[in-house]
Each structure stands twice: as structure tokens, then as C-alpha cells.
Amino acid sequence: MESRELKVAGALAFTPQVFKDSRGLFVSPFQEEAFVEATGRPLFAVSQTSYSRSRRGVVRGVHFTRTPPGMAKYVYCAQGQALDIVVDIRVGSPTFGQCDAVVLDPVEFRALYLPVGVGHAFVALRDETVMSYTLSRSYVAENELALSVFDPELNLPLPDGIRPVVSDRDRVAPSLAQARADGLLPDHAQCMEIERALAPRRNTP
């Protein structure tokens, strides 16, 4: 399994080996050994798994979790195709304001690790796009916040030729500057502290 660092500090992309034969294929989008090799620690203890299904043109995000409590995610695309975007909105981060994008699909089966405090968005490039999420915390609606995907300061790489379909909530989401002025953005140092505490403890003989 290959891994690479994204432009947003702490965010990683993983590409597993896909085994194909006459029956179909077998793939493991998450592999702990590869994750530990890339990060130096195990994946967080899983609190929830979720998935979303979207038609072509749907844009979800930019979403982030109030920090604290904060949330880390491991995501991949099980069906269809999506442009997945990670945005560094952690105040004080060396990559604050930067973003990176990776095409996710059930061909390469790339997966992304999104550390605590970053913003997450994706664009469904095909109908029936299914995204799978593994979460470090259970979803609590009151803790889930959003930024505008159309904020020119973020300058997200929304693909040409797609008319964005967004929720009412995302349509009125604030800009990065407004969210910062309102004190909504996560603090980088605090995110790192929460991140370190996420790794499950292992019993030693």
C-alpha cells in the first residue's frame, strides 16, 4: 500500500493494491500496517462509520467539526467518482489556508486520512457516488460547522462543467475570514493535542 503526504499538514492519501481475477476484485482500502508506517501510530479508535450517496454535481462541504471535541476521518469512494478536497482551516498551522484535492473512485481505491480540525469537501463526478467514512467520534449535529465552497479566498478546485448542487445549509455558510472573525476555526495546537490522544492504547505484556 502506497502513501503520500498532501499539501495540508497531517493529511495523507493511501493507494492500496487491487487484486483482480475473473470473479471481480478484492481490495483493502485501510491497512493498519501501512497507516502506522506513514504516521507512526495506529488509526483512532472507531466511533462511527457512515456513508453518503450523491448524484453528479453534488458538493458536500466545506465541513468541519467544532474543536474541541474535534474529529478525524478516513474516507474513500466505494462507488462512482468524487473529487475529494481537504482544506487547512487550523489557525496557526504552517499550511493554514491551503487545500489539496484527490480523485477517489473504486478503480484505484485511494483513501484519505483527514486529521482533526481540517475542512473537508467533495464533488460527486458521477451519479450514484457513494462515499464511506470512518470517524473518530460520533456525529453530533450541533458540533458540525461549514464554510462556503465558493469562498474566493479558499479558491477550491471545483471542476469545470459541473453545476454545483449544495444544501441550504452549505449555500449560506460563512467565508473563511468570517468564521475566523467569529472564533469558529480550530486552533492548530489544540488540534494536534487532540490528534495525539486519539491513538488507541495497546496493552503491553
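See above for the structure.
Residue positions are given per chain, counted from 1 along the sequence in the order it is written. The predicted origin of the model limits local features to residues at a pLDDT of at least 70 and limits the giving and counting of side-chain atom pairs to 80 or more, whereas totals for whole chains, interfaces and linings rest on all residues. The side-chain numbers reported here are obtained from all heavy atoms of the structure, hydrogens and water having been left aside.

1. Regarding the overall build of the protein
The test is simple: Secondary structure elements follow DSSP: runs of H or I of four or more residues count as helices, runs of E of two or more count as strands, with numbering from the N terminus. Think of it in three bands: with a 1.4 Å probe and only protein chains considered, a residue is buried below 20% of the maximum accessible area for its type, exposed above 50%, and partly exposed in between. Every residue pair with non-hydrogen atoms within 4.5 Å of one another is taken to be in contact. The accessible surface values rely on the Shrake-Rupley method and a 1.4 Å probe; as for residues, cover is taken only from the protein chains in view. Two residue types count as positive, namely Lys and Arg, and two as negative, namely Asp and Glu; His and chain ends fall outside the count. A single reference atom marks each charge: NZ on Lys, CZ on Arg, CG on Asp, CD on Glu.
Check the secondary structure of the protein and you find 4 helices and 13 strands. Each principal axis of the C-alpha atoms in the protein carries an extent, and together these give about 50 × 50 × 30 Å. Taking all 205 residues of the protein together, 47% fall into the buried category. The contacts of the protein with a sequence gap of at least 6 include a subset with a gap of at least 24, amounting to 81%. When the accessible surface of the protein is summed, it comes to about 10,700 Å², and 47% of that surface belongs to carbon and sulfur atoms. For the protein, the distance from the average position of its 22 positive side-chain charges to the average position of its 24 negative side-chain charges is 3 Å.

2. With respect to the sheet that holds strand E8 (residues 82–87)
Put simply, the test is: A pair of strands counts as paired when DSSP detects no fewer than two bridges linking them. Lines are fitted to the C-alpha atoms to define the axes, a helix being fitted only along its stretch in contact, and any angle between axes, read from their N-to-C directions, falls within 0 to 180 degrees.
Spatially, E9-E8-E11-E6-E13 is the arrangement adopted by the 5 strands of the open sheet, whose pairing is antiparallel. The two strands at the open ends of the sheet, each matched to only one other strand, are strand E9 (99–104) and strand E13 (144–146). Pairs of neighbouring strands in the sheet enclose a mean axial angle of 25°, with direction left out of account. Note: strand E6 (residues 59–65) against strand E11 (residues 119–124), 3 bridges, orientation antiparallel. For His63, the partnering residue across the bridge sits in E11 and is His120.

3. Here's the deal with the pattern of salt bridges
Quick reminder of the rule: By convention in these notes, a salt bridge is any Lys or Arg side-chain nitrogen within 4 Å of a carboxyl oxygen on Asp or Glu.
Enumeration according to the criterion identifies 5 salt bridges in this entry. Note that Asp88 and Arg90 form a salt bridge whose closest N and O atoms lie 2.9 Å from each other. The burial state of Asp88 is the same as that of Arg90; both residues are buried. With a closest N to O distance of 2.8 Å, Arg171 and Asp168 form a salt bridge. Taken as a pair, Arg171 and Asp168 lie in helix H2 (residues 168–171) at a separation of 3 residues, close to a single helical turn. A relative accessible area of 48% places Arg171 in the partly exposed class.

4. Looking at unusual backbone geometry
Both trends apply: most residues other than glycine have a negative phi, and most peptide bonds are in trans. Of note, the bond from Gly61 into Val62 is cis; its omega dihedral lies within 30 degrees of zero at 5°. Positive phi is not limited to glycine here, since Glu128 has a value of about 55°. A positive phi angle, close to 50°, is found at Asn155, a residue other than glycine. Looking at where Asn155 falls in the secondary structure, it is placed in the loop between E13 and H2. Asn155 sits in the exposed class, given a relative accessible area of 60%.

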